[in-house]
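Next come the chains, spelled out residue by residue.
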Amino acid sequence: MAWQQIHLQLTKEQVELAEALFYEAQAVSILLEDAGDEPLFEPMPGEEPLWGDVVLTAIFDTNTDGRWDDTNFESLAHNIAAQVGASRVWLSVLDDKDWTCEWMIHYKPIQCAGNLWIVPKWLDAPNPNAINLILDPGLAFGTGYHATTRLCLDWLAGQDLTDKIIIDYGCGSGILGVGALLLGAKQVLAVDIDPQALLATHQNAKLNGVEDKMLIFLPEEFKTHQKMHNILADTITANILAKPLIHFAPFFTTLLKNKGSIVLSGLIENQVDDVMMAYQPYFDLDMPYHYENSEDRHWYRLSAIKHS
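Residues numbered from 1 in each chain as written. Predicted model: local features only at pLDDT ≥ 70, side-chain atom pairs only at ≥ 80, totals over all residues. Heavy atoms only, no water.

(A) Expanded view of the overall build of the protein. Scanning the protein for helices and strands turns up 9 helices and 14 strands. Residues counted as buried form 46% of the 308 residues belonging to the protein. Taken as a whole, the protein presents about 15,400 Å² of accessible surface, with 51% of it coming from carbon and sulfur. (Helix = DSSP H or I, 4+ residues; strand = E, 2+ residues; numbered from the N terminus. Buried < 20%, exposed > 50% of the residue type's maximum accessible area, 1.4 Å probe, protein only. Areas by Shrake-Rupley, 256 points an atom, 1.4 Å probe, with all protein chains shown as cover.)

Now the structure itself:
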């Protein structure tokens, strides 16, 4: 069975109307993709940000609806494109596949710094003797494929984490906390505002046999636990966004031991100076770091040591 696809290039302001028109025409699914090269940051729960310039793909089942032929699709595509003011319109055919498994083929094991690998749970580890972080990448942000995650993992792999207490603030899938435990940390306190992320963190910790060393919290629960037990961390990881990183600078300071370390990511180049200014009163900062390759070069990492 084949599926007919109609593609429109349009602005984000035109998307809502286009979606409504395609669903009215019995599209079975609509996909939105970046039409340019615009970074899109991880949204807060409930937010649905869009790129400024979008490719919308409407998918139709040609086998179950006899109304459609090539001429009708062509007419529908140009009609809706005219109504929404799309700048470009084209059609294509999508061959049927086992879509429940199709997304898995895009994930491969990833080698990070040192001897650390990220291995999707359905694949074998390329190096059984390496430190293999087994991950279900479909549950929450943090698959290892995004540069900000790898930047933090590479930094963690270069630290001596033996018997250290780590706070992973904005834990997402739990990948940084699980990685820290596999690298020798004693305990990780994982925090996120999204309950789905907490579920993902628990499941990925269990996959790696470290769930007994992982404590998982919503932010208010974490604050209560931290104050009750007077926990001070050796290291904080925070791969979130520039604005909350700036906001949390004084708070993070209260969570760290003297000379404790912090690693921050989720930053693009024009945000680095503002984040550094927020942390300078409390930390001795290393130079910002980013990968040199063209695909990931706009993402940056900051690391620092708390003033004694």
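Right, picking up where we left off after that structure.
(B) The arrangement of unusual backbone geometry in detail. With phi around 60°, Asp163 is a residue other than glycine that occupies positive phi space. Mapping Asp163 onto the fold places it in the loop between α4 (147-157) and β8 (165-169). Of the residues examined, Asp163 reaches a relative accessible area of 52% and is grouped as exposed. In this structure, Lys259 is a non-glycine residue whose phi angle is positive, near 70°. Tracing the backbone shows Lys259 in strand β12 (residues 256-268). Classification of Lys259 by relative accessible area gives exposed; the value is 52%.

(C) Structural detail: the UniProt feature "binding site: S-adenosyl-L-methionine" (unreviewed entry) in the protein. Per the UniProt record, the feature "binding site: S-adenosyl-L-methionine" (unreviewed entry) sits at Thr149, Gly170, Asp192 and Asn239. For Gly170, the position within the fold is in the loop between β8 and α5 (175-182). Other than its neighbours up to four places away in sequence, Gly170 contacts Val191, Asp192, Asn239 and Ile240. Along the chain, Asn239 turns up in strand β11 (residues 233-239). Within the structure, the side chain of Asn239 is placed 3.2 Å from the side chain of Thr148, a separation counted as a polar contact. (UniProt positions renumbered as here; feature names shortened; annotations may be inferred. Contact = heavy atoms within 4.5 Å. Polar contact = N/O pair within 3.5 Å; in protein donor to acceptor, adjacent residues only side chain to side chain.)

(D) Inspection of the nonpolar core at higher detail. Judged by nonpolar contacts, the single largest core of 31 residues is most densely connected at Phe252, Ile262 and Tyr279. Secondary-structure elements contributing two or more residues to this core are β8, β9 (187-191), β11, α8 (242-255), β12, α9 (269-279) and β14 (299-306). Counting residues per element, this core draws most heavily on α8, which supplies 6 residues. Excluding its chain neighbours within four sequence positions, the residues that come into contact with Tyr279 are Leu245, Phe248, Ala249, Phe252, Ile262, Leu264 and Leu285. In this structure, Cys171, Val178, Val210 and Val263 belong to the second largest nonpolar core, which totals 27 residues. (Core = buried A, V, L, I, M, F, W, Y, C linked by side-chain atoms within 4.5 Å.)

(E) How the structure looks around helix α1 (residues 12-24). Its 13 residues give α1 an end-to-end C-alpha distance of 19 Å, which sits within 8% of 18 Å, the value for a rise of 1.5 Å per residue. All buried positions along α1 are accounted for by Gln14, Val15, Ala18, Leu21 and Phe22. Positive backbone phi, approximately 75°, marks Gln26, located one or two places after α1. (Expected span 1.5 Å × (residues − 1).)

(F) Broad picture of the sheet that holds strand β2 (residues 29-34). Read from one edge to the other, the open sheet built from 4 strands follows the order β2-β3-β1-β4, with strand pairing classed as antiparallel. The two strands at the open ends of the sheet, each matched to only one other strand, are β2 and β4 (88-95). Here the average twist between neighbouring strands, direction ignored, is 25°. Sheet topology places strand β1 (residues 2-11) next to strand β3 (residues 53-61); 9 bridges connect them, and they run antiparallel. Residue pairing across strands places Thr11 opposite Asp53, the latter belonging to β3. Along the sheet face, α1 touches β1, β2 and β3 and points at about 150° away from the line of β1. (Pairing = 2+ DSSP bridges. Axes fitted to C-alpha atoms, helices over the stretch in contact; angles between N-to-C directions.)

(G) Main features of the sheet that holds strand β5 (residues 110-111). Across the sheet, which stays open at both edges, the 3 strands sit in the order β5-β6-β7 with mixed pairing between neighbours. Of all strands in the sheet, those bounded by a partner on one side alone are β5 and β7 (131-135). Taken together, the 2 bridges between β5 and strand β6 (residues 116-120) define a ladder with antiparallel strand orientation. Its bridge partner being in β6, Ile110 is matched across the sheet by Ile118. Sitting on the sheet, α5 touches β6 and β7, and the angle it makes with β7 is about 150°.

(H) Seen up close, the packing of aromatic side chains. Tallied over the full model, the rule gives 12 aromatic pairs. Ring plane angle 65° and centroid distance 5.1 Å describe the contact between Tyr169 and Phe248, whose orientation is recorded as edge-to-face. Residue Tyr169 is located in strand β8, and its partner Phe248 is located in helix α8; the two are separated by 79 residues in the primary sequence. This pair shows no difference in class: Tyr169 is buried, exactly as Phe248 is. The rings of Tyr169, Phe217, Phe222, Phe248, Phe251 and Phe252 are connected pair by pair, giving a single aromatic cluster. The lysine or arginine in question, Lys223, covers the ring of Phe251, its NZ or CZ lying 5.6 Å from the ring centre. (Phe/Tyr/Trp six-rings, centres within 6.5 Å; stacked < 30°, edge-to-face > 60°. Lys NZ or Arg CZ within 6 Å of the ring centre and 35° of its normal.)

(I) Representation of the pattern of salt bridges. Counted under the stated rule, the structure contains 4 salt bridges. We note a salt bridge from Asp296 to Arg150, for which the minimum N-O separation is 2.6 Å. In this pair, Asp296 sits in the loop between β13 (283-285) and β14 while Arg150 sits in helix α4, placing the two residues 146 residues apart along the sequence. With a shortest N-O distance of 3.1 Å, Asp234 and Lys257 are connected by a salt bridge. You can see Asp234 sitting in strand β11 and its partner Lys257 sitting in strand β12, a full 23 residues away along the chain. By relative accessible area, which is 15% here, Asp234 ends up buried. (Salt bridge = Lys/Arg side-chain N within 4 Å of Asp/Glu carboxyl O.)

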